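# Summary of the model geometry
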Amino acid sequence: LMAQISMELGDFYHYDPKHWYNGNGMIRTLYYDQLTNEDHDLDFCNLPPLDAEYFEKVGAHVEKYVKLLEQTDMRCDDAALLKDEYRLNMRLLMHGVMLGKYKLLGHTDREKAWELLDDIETIMADYRALWLQRNKNINLENSMFKFYELRRQYIEHLDLYRVKV
């Protein structure tokens, strides 16, 4: 079952609009576009926009593997840690789905913005804990850079709400 999850979880790239970019919409959403589209590294690609249907399909795809993961019965020494790592990656993908949908709604739902901030902070804490179980502290901060950037954008976005109110 873990082999199936490992092989098929990333197949959501099939839902991407056709283009030549060697990546997928979730990478674009979480690591490049993020909330504010400040990162212009992919501008030269002239990629098509992602729509609500894309995020719905990716969310359903990930949910399928969340359920499968709970059915696994691994017998290796680090089975619990491995399961936690997969679970965290799936949570991050679902965060990308939430972020993508939020952006499509025009950044107007303040409650959803707080949910995004709370969710990324939980993901960051769990990521840090899992990293330290598997690795030494070396390069942890480099690995978390995009998380910090996304959290900063959420905080600044929520500060804009305070100014408008």
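A quick note: this is a predicted structure, and the numbers were derived from the prediction, not measured. (Residues numbered from 1 in each chain as written. Predicted model: local features only at pLDDT ≥ 70, side-chain atom pairs only at ≥ 80, totals over all residues. Heavy atoms only, no water.)

Here we take up the pattern of salt bridges. Inspection of every chain in the model, using the stated rule, returns 14 salt bridges. For Lys101, the salt bridge goes to Glu56, with nearest N and O atoms at 2.8 Å. Taken together, the residues Lys101 in helix 4 (residues 79-104) and Glu56 in helix 3 (residues 52-71) connect sequence positions 45 residues apart. Asp84 is paired through a salt bridge with Arg87; the nearest N and O atoms lie 2.7 Å apart. With a gap of three residues between them, Asp84 and Arg87 both fall in helix 4, about one helical turn apart. Exposure remark for Arg87: the relative accessible area of 28% places this residue in the partly exposed category. Among the charged side chains, a network of salt bridges with common partners joins Glu38, Glu149, Arg152 and Glu156. (Salt bridge = Lys/Arg side-chain N within 4 Å of Asp/Glu carboxyl O. Helix = DSSP H or I, 4+ residues; strand = E, 2+ residues; numbered from the N terminus. Buried < 20%, exposed > 50% of the residue type's maximum accessible area, 1.4 Å probe, protein only.)

A negative phi angle characterises most non-glycine residues, just as the trans form characterises most peptide bonds. With a phi angle near 50 degrees, Asn46 is a residue other than glycine that sits in the positive phi range. With respect to the helices, strands and loops of the structure, Asn46 is situated in the loop between helix 2 (25-33) and helix 3. Look at Asn46 and you get exposed, because its relative accessible area is 69%. With a phi close to 60 degrees, His107 is a non-glycine residue in the positive phi region.

Let us now look at helix 4. A rise of 1.5 Å per residue sets the reference length of helix 4, with its 26 residues, at 38 Å; its end C-alpha atoms lie 38 Å apart and thus fit the reference within 8%. Phi turns positive, to about 85 degrees, at Gly106, one or two residues after helix 4. (Expected span 1.5 Å × (residues − 1).)

So, on to the packing of aromatic side chains. Summed over all chains, the structure comprises three aromatic pairs. Summarising the aromatic geometry, the rings of Tyr54 and Phe55 are spaced 5.1 Å apart at their centres and angled 80 degrees between planes, so their arrangement reads as edge-to-face. Taking relative accessible area as the criterion, Tyr54 reaches 3% and is therefore assigned buried. You can call Phe55 buried: its relative accessible area is 3%. Taking 5.0 Å as the distance between ring centres and 70 degrees as the angle between the ring planes, the aromatic pair formed by Tyr127 and Phe147 counts as edge-to-face. (Phe/Tyr/Trp six-rings, centres within 6.5 Å; stacked < 30°, edge-to-face > 60°.)

Once that is clear, we can look at the environment of His61. Tracing the backbone shows His61 in helix 3. Considered as a pair, His61 and Asp11 are 50 residues apart in the sequence and their alpha carbons are 8.4 Å apart.

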